[in-house]
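Residues per chain are reported as follows:
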Amino acid sequence: GSTENSSRKPPPDQDFNPRRIERYLTLAWENGANPVIVLTKSDLCDDTESNTDEVESIAIGTQVHRTSSVTGDGLPELHTYLRNYATVALLGSSGL
């Protein structure tokens with residue numbers, strides 16, 4: 001019904017904002033961090049390839065990963081960043 005539709009969140013690709021990613025990258029680089037970009041919920045996005053290509057074009061030299069907790073795609077690749085004694089910070093839109 002209409003209640004269900006009004007409470008649904010937009011698909012993650014509708015919240016996709018390359019300018020925001022640029023700001024996060026600048027913040028990370030200015031503070032000496034080595035950023036990695038993780039595009040989540042790839043199972044819900046209509047055009048993950050295009051989004052990934054756009055991010056890679058603005059984040060030259062930065063690793064970009066697509067993941068889905070539903071399908072498990074891309075999750076094993078993230079384990080390399082979660083080592084003992086590594087400090088990891090996550091930035092991004094909440095609740096999507």
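Everything below is about the structure printed above this text.
A brief structural summary.

Let's shift gears to the overall build of the protein chain. Helix and strand content of the protein chain: 4 helices and 2 strands. Ordered by position from N to C terminus, the α and β elements of the protein chain give α-α-β-α-β-α. By the burial criterion, 24% of the 96 residues in the protein chain qualify as buried. Here the contacts in the protein chain between residues at least 6 apart in sequence split such that 64% fall between residues at least 24 apart. Accessible surface computed for the protein chain: about 7100 Å², of which carbon and sulfur atoms make up 49%.

What follows concerns the side chain of Thr 62. Mapping Thr 62 onto the fold places it in the loop between α3 (48-58) and β2 (63-66). If we ignore the near neighbours within four places in the chain, the residues touching Thr 62 are Leu 25, Trp 29, Pro 35, Val 36 and Ile 37.

Looking now at the pattern of salt bridges. One pass over the full model with this rule turns up 2 salt bridges. In this structure, Glu 22 and Arg 19 form a salt bridge, with 2.8 Å as the shortest nitrogen-oxygen distance. Of this pair, Glu 22 and Arg 19 both sit in helix α2 (residues 18-30), 3 residues apart, roughly one helical turn. Relative accessible area serves as the criterion here: at 28%, Glu 22 is assigned to the partly exposed category. When its relative accessible area of 43% is taken as the criterion, Arg 19 is described as partly exposed.

One non-glycine residue with positive phi stands out, namely Lys 41, at about 55°. Its location among the elements puts Lys 41 in the loop between β1 (36-39) and α3. Positive phi, close to 70°, is recorded for Tyr 85, a residue that is not glycine. Residue position: Tyr 85 is located in the segment after α4 (75-78).

Rules and cut-offs
- Residues numbered from 1 in each chain as written.
- Predicted model: local features only at pLDDT ≥ 70, side-chain atom pairs only at ≥ 80, totals over all residues.
- Heavy atoms only, no water.
- Helix = DSSP H or I, 4+ residues; strand = E, 2+ residues; numbered from the N terminus.
- Buried < 20%, exposed > 50% of the residue type's maximum accessible area, 1.4 Å probe, protein only.
- Contact = heavy atoms within 4.5 Å.
- Areas by Shrake-Rupley, 256 points an atom, 1.4 Å probe, with all protein chains shown as cover.
- Salt bridge = Lys/Arg side-chain N within 4 Å of Asp/Glu carboxyl O.

Treat this as a map of the structure, not an account of what it does.
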